[in-house]
Amino acid sequence: MKKSVIGILLLALAGCAEPPLDCKINANIVDLATDASPIHDPAMIKAMDTYYLYSSSNIGTFYSSKDMRKWQREGEVFNAIPPWLVEEIPVADHIGAPDIAYYNGQYLLFYQSHNPNTCDAATGLTINKTLDPSDPNYEWVDQGLILRSEPFYDGVDIYCGNESATFNAIDAHFFQDSDGKPWMVFGSTIGGIKIVALDPQTLQLADDHEFVTLAQRWLLQDDPIIEAPYIVQRHGYYYLFMSFNHCCLEEKTQYQVRVGRSEKVTGPYYDKSGWPLYLEGGSLLIEKVTDKDGDFVGTGHNNVFAENGQDWLVHHAKKPSEDYKAYLNIRKLDWDENKWPTVCAKN
């Protein structure tokens, strides 16, 4: 059901308060004794008989596994920060929020970097014919800049975008809709989560593109962060996953995954209660976790991996007992009787 305007405003002012999940969370299947840390903002795909995972790092660290449980570090995507990125943002010092996909016979890795603590940011794309480093055809070919957000005013680096819209050019996710049309979902607190059409051949912004806001949060609250969008299509809906709150405040961290759904890829998206995501909505999927490996916080920046009819929630989580070190988490993602995703263990 759709809520009243007054109700929507009350929700926004409340900061989307919601009680903790009252269920046992599906276990993390990752063997933390293997190369499962430090992994932040994980993105996973399977190629042939191997799973590959990409993580935010200085120059794009990636990992491999044969079973999703035991992981080994393979190396780096780049040898150095790409020259175009250094030219755009001289202080760029990382390859962040990688997103891996397969499209038209090649692998796509979208990535970003930014001036720290600002929305002075850029999203790029690199492509490869294979993900196997031992394959003679293995070579990442950088395509350069896809999207740039720049400050609107000199000296004010927290209000950015371009001539068309306000946005932050980070956390890009590549998605194809039911017609095979390519889209890029991206963004964060400044401007909210946006979606924009891509050209099917060049994967640059489509000539007739427009920026559509899918989700955003009320800025005048203690922790207004929204980021890390990821879309999947299931059960006749498009589901938008996103992360709320600051990722890295140690004992104060309340990073968590929330979700909404829509019948159209461009929205509007609503949560379980009928709240629109573009006005603070989002149903809680996962937050603090206690399992066989101990206590974890900062559960966020997810993607969804599907295999043999089973969905998996891939995300990072931080261990307070190890100075908030970030670990890879992979756990079963199921669907309830109302076709909403859940990580609650079945009875």
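Residues numbered from 1 in each chain as written. Predicted model: local features only at pLDDT ≥ 70, side-chain atom pairs only at ≥ 80, totals over all residues. Heavy atoms only, no water.

**Student:** How do you make sense of the sheet that holds strand S17 (residues 283-286) when you look at a structure like this?
**Tutor:** Within a sheet, adjacent strands bond to each other through the backbone by hydrogen bonds, running parallel or antiparallel. The strand order across the open sheet built from 4 strands is S14-S15-S16-S17, with neighbouring strands paired in antiparallel fashion. Edge strands, defined here as strands with exactly one partner in the open sheet, are strand S14 (226-234) and S17. Adjacent strand axes in the sheet meet at a mean angle of 30° when their direction is disregarded. Inspection of the sheet shows S14 paired to strand S15 (residues 237-244) by 7 bridges, in the antiparallel sense. Paired with isoleucine 226 across the strands is phenylalanine 244, a residue of S15. (Pairing = 2+ DSSP bridges. Helix = DSSP H or I, 4+ residues; strand = E, 2+ residues; numbered from the N terminus. Axes fitted to C-alpha atoms, helices over the stretch in contact; angles between N-to-C directions.)

**Student:** Please explain the sheet that holds strand S11 (residues 182-188) as it appears in this structure.
**Tutor:** Here we have 4 strands laid out as an open sheet, ordered S10-S11-S12-S13, and antiparallel in their pairing. Sheet topology places strand S10 (173-176) and strand S13 (212-215) at the edges, where each strand pairs with a single neighbour. Neighbouring strand axes in the sheet, compared pairwise and without regard to direction, differ in orientation by 35° on average. Here strand S12 (residues 192-197) runs beside S13; their pairing, made up of 3 bridges, is antiparallel. If you follow isoleucine 195 over to S13, its bridge partner there is valine 212.

**Student:** In this structure, what is going on with empty space enclosed by the protein? I would like to understand it.
**Tutor:** A probe matching the size of a water molecule, rolled over the atoms, marks out where space remains unfilled. If you walk through the whole model with that rule in mind, you get 1 cavity of 30 Å³ or more. Estimates place the volume of the largest cavity at around 100 Å³. Surrounding the largest cavity, 14 residues form its lining, Pro98, Asp99, Tyr230, His301 and Asn302 being those nearest its centre. Secondary-structure elements contributing two or more residues to the lining of the largest cavity are strand S5 (96-103), S14 and strand S19 (294-307). (1 Å grid on protein atoms, 1.4 Å probe; cavity = no way out; pocket = protein on both sides within 12 Å on 5 of 7 lines; lining within 4 Å. Points joined across faces, edges and corners; volume = space filled by probe spheres on them.)

**Student:** Looking at this structure, how should I read the environment of leucine 313?
**Tutor:** By the element assignment, leucine 313 lies in strand S20 (residues 310-319). For leucine 313 and arginine 331, which are 18 residues apart along the polypeptide, the C-alpha to C-alpha distance reads 5.4 Å. If near-sequence neighbours (up to four positions away) are discounted, leucine 313 is found in contact with Leu285, Ile286, Asn302, Asn303, Val304, Asn329, Ile330, Arg331, Leu333 and Val343. (Contact = heavy atoms within 4.5 Å.)

**Student:** I'm lost on the layout of surface pockets in this one. Help?
**Tutor:** In this structure, the largest pocket occupies an estimated 1000 Å³ of space. Residue lining of the largest pocket: 38 residues in total, with His114, Asn117, Ile170, Glu227 and Cys247 positioned closest to the centre. Elements represented by at least two residues in the lining of the largest pocket include exactly strand S3 (61-65), S5 and strand S6 (106-114). When grouped by side-chain class, the residues that make up the lining of the largest pocket number 16 nonpolar, 16 polar and 6 charged. (Nonpolar A, V, L, I, M, F, W, Y, C, P; charged D, E, K, R; others polar.)

**Student:** I would appreciate a short explanation of the packing of aromatic side chains in the present structure.
**Tutor:** The geometry of two aromatic rings is summed up by the distance between their centres and the angle between their planes. Tallied over the entire structure, the rule returns 18 aromatic pairs. Seen from their ring centres, tryptophan 84 and tyrosine 111 are 6.3 Å apart, and the 50° between their planes marks the pair as tilted. Highlighted residues: tryptophan 84 in helix H2 (residues 83-88) and tyrosine 111 in strand S6, separated in sequence by 27 residues. There is no split in this pair, since tryptophan 84 and tyrosine 111 are both buried. A ring pair is formed by tyrosine 103 and phenylalanine 174, whose centres lie 5.2 Å apart and whose planes are at 65°; its orientation type is edge-to-face. With tyrosine 103 in strand S5 and phenylalanine 174 in strand S10, this residue pair connects regions lying 71 residues apart in the sequence. Phenylalanine 174 shares its class with tyrosine 103; the two are buried. A cation over an aromatic ring shows up here: arginine 261 above the ring of tyrosine 237, its NZ or CZ 4.1 Å from the ring centre. Here the guanidinium or amino end of lysine 319 rests over the ring plane of tyrosine 327, the centre of that ring lying 5.9 Å away. (Phe/Tyr/Trp six-rings, centres within 6.5 Å; stacked < 30°, edge-to-face > 60°. Buried < 20%, exposed > 50% of the residue type's maximum accessible area, 1.4 Å probe, protein only. Lys NZ or Arg CZ within 6 Å of the ring centre and 35° of its normal.)

**Student:** Which parts of the structure should I look at to understand a nonpolar patch on the surface?
**Tutor:** Taken together, Phe152, Tyr153, Val156, Ile158 and Tyr159 make up a surface patch of nonpolar side chains, about 470 Å² in accessible area. For the nonpolar patch, the element with the highest residue contribution is strand S9 (residues 156-161), accounting for 3 residues. Within the secondary structure, phenylalanine 152 is located in strand S8 (residues 141-153). Overall, phenylalanine 152 belongs to the partly exposed group, its relative accessible area being 34%. (Patch = residues over 30% accessible without salt bridge, like charges linked within 9 Å, V, L, I, M, F, W, Y side chains within 5 Å. Areas by Shrake-Rupley, 256 points an atom, 1.4 Å probe, with all protein chains shown as cover. Salt bridge = Lys/Arg side-chain N within 4 Å of Asp/Glu carboxyl O.)

**Student:** What am I meant to see in the nonpolar core here?
**Tutor:** A general trend in soluble globular proteins is that nonpolar side chains are found buried together. Core analysis: the biggest nonpolar cluster contains 35 residues, and Met44, Trp71, Phe241, Leu328 and Ile330 have the highest contact counts within it. Looking at this core, the elements with two or more residues in it are strand S2 (50-55), S14, S15, strand S16 (256-262), S17, S19, S20 and strand S21 (325-335). The leading source of residues in this core is S21, at 5 residues. Leu108, Phe167, Ile170 and Leu203 belong to the second largest nonpolar core, which has 22 residues in total. (Core = buried A, V, L, I, M, F, W, Y, C linked by side-chain atoms within 4.5 Å.)

**Student:** What should I look at first to understand the pattern of salt bridges in this one?
**Tutor:** Where charged atoms from two side chains of opposite charge approach closely, those side chains can pair. The full count for this structure, using the stated rule, is 10 salt bridges. In this structure, glutamate 307 and lysine 46 form a salt bridge, with 2.7 Å as the shortest nitrogen-oxygen distance. Residue glutamate 307 is located in strand S19, and its partner lysine 46 is located in strand S1 (residues 43-47); the two are separated by 261 residues in the primary sequence. Among the charged side chains, a network of salt bridges with common partners joins Glu88, Asp120 and Arg148.

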